[in-house]
Amino acid sequence: MSITLNPYLNFPDAQARAAMEFYQSVLGGELTIMTFGDMGTEGPLATQVMHGQLQTPGGITLMGADAPPEMVQVTFGDNISVSLSGGSEDAEELRRWFAGLSEGGQVRQPLEVAPWGDEFGMLNDRFGIGWLVNIAGTSSS
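A brief structural summary. (Residues numbered from 1 in each chain as written. Predicted model: local features only at pLDDT ≥ 70, side-chain atom pairs only at ≥ 80, totals over all residues. Heavy atoms only, no water.)

With respect to the overall build of the chain
Okay, so step 1: Each helix and strand counted, the chain has 2 helices and 8 strands in total.
Okay, so step 2: Starting at the N terminus, the α and β elements of the chain follow one another as β-α-β-β-β-β-α-β-β-β.
Okay, so step 3: Here the C-alpha coordinates of the chain stretch approximately 55 × 35 × 25 Å along the principal axes.
Okay, so step 4: Every one of the 141 residues in the chain was classed for burial, and the buried ones make up 42%.
Okay, so step 5: Sequence-distant contacts, at least 24 apart, represent 51% of the contacts inside the chain between residues at least 6 apart.
Okay, so step 6: In the structure as shown, the chain presents an accessible area of about 8000 Å², 52% of it carried by carbon and sulfur atoms. (Helix = DSSP H or I, 4+ residues; strand = E, 2+ residues; numbered from the N terminus. Buried < 20%, exposed > 50% of the residue type's maximum accessible area, 1.4 Å probe, protein only. Contact = heavy atoms within 4.5 Å. Areas by Shrake-Rupley, 256 points an atom, 1.4 Å probe, with all protein chains shown as cover.)

What about the environment of Ala99?
Okay, so step 1: Within the fold, Ala99 resides in helix H2 (residues 91–102).
Okay, so step 2: Spatially, the C-alpha atoms of Ala99 and Phe76 are 22 Å apart, while their sequence positions differ by 23 residues.

Let's talk about the sheet that holds strand S2 (residues 30–35)
Okay, so step 1: Strand order in this open sheet of 4 strands is S1-S4-S3-S2, and the pairing throughout is mixed. Each edge of the open sheet is held by one strand with a lone partner, namely strand S1 (8–11) and S2. Strand-to-strand twist in this sheet, taken as the mean axis angle between neighbours without regard to direction, amounts to 15°.
Okay, so step 2: With 6 bridges joining them, S2 and strand S3 (residues 49–55) adopt antiparallel strand pairing. (Pairing = 2+ DSSP bridges. Axes fitted to C-alpha atoms, helices over the stretch in contact; angles between N-to-C directions.)

Regarding the nonpolar core
Okay, so step 1: Counting residues in each nonpolar core, the largest one holds 27 residues, and the members touching the most others are Phe11, Tyr23, Leu27, Leu84, Leu101 and Trp131.
Okay, so step 2: Per-element tally for this core: the top contributor is helix H1 (residues 16–27), with 7 residues.
Okay, so step 3: With residues near it in sequence (within four places) discarded, Leu84 still touches Leu27, Ile60, Leu94, Trp97, Leu101, Trp131, Leu132, Val133 and Asn134. (Core = buried A, V, L, I, M, F, W, Y, C linked by side-chain atoms within 4.5 Å.)

Details of the sheet that holds strand S7 (residues 119–124)
Okay, so step 1: Judged by pairing direction, the sheet is mixed, and its 4 strands sit side by side in the order S5-S8-S7-S6 without closing on themselves. The strands lining the two open edges of the sheet, one partner per strand, are strand S5 (81–86) and strand S6 (106–113). The sheet shows a mean angle of 10° between the axes of neighbouring strands, taken without regard to direction.
Okay, so step 2: In terms of strand pairing, S5 meets strand S8 (residues 130–135) through 6 bridges, oriented parallel. In the strand pairing of S8, Ser85 is matched with Asn134.

Some details on the packing of H1 against H2
In a pair of packed helices, the angle between the axes and the distance between the axes together describe the arrangement.
Okay, so step 1: Their axes nearest at 9 Å, the elements H1 and H2 cross at an angle of 150°. With respect to their mutual orientation, H1 and H2 come out roughly antiparallel. H2 is crossed by H1, and the crossing has right-handed handedness. Touching Phe22, Tyr23, Val26 and Leu27 of H1 are Trp97, Gly100 and Leu101, all from H2. (Parallel < 35°, antiparallel > 145°, perpendicular 65-115°, else oblique. Left-handed = near helix turned anticlockwise from the far one by under 90°.)

Next up, the structure:
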């Protein structure tokens, strides 16, 4: 078994389910969600997401959870971004993902040819998560 590194996103205000379903609508794949209630928690916290995992056909794994303030203090900022990278054979899909993730969010840098020759763009999605998209080898297109 190999070691993997996967982004794990925490969401305030019980937004994890909506965020993970949004990512699934853009990236595709299979989403599994376990609530705090599934683990025996009762009350308002029971319906919140304890662990969500999106596994895409292309091998991307994105995880996320609700962050009740009594458990985790979430501060959004520039301390983390999720990066999607691929080659020219992935360009169409990466462009579609960039467009989908930017809906309701804010494009910080349009997806365009960068000084290093790749196509690159940055955005913050509607949940405040920063995304970087890089398409290698597109400088001749």
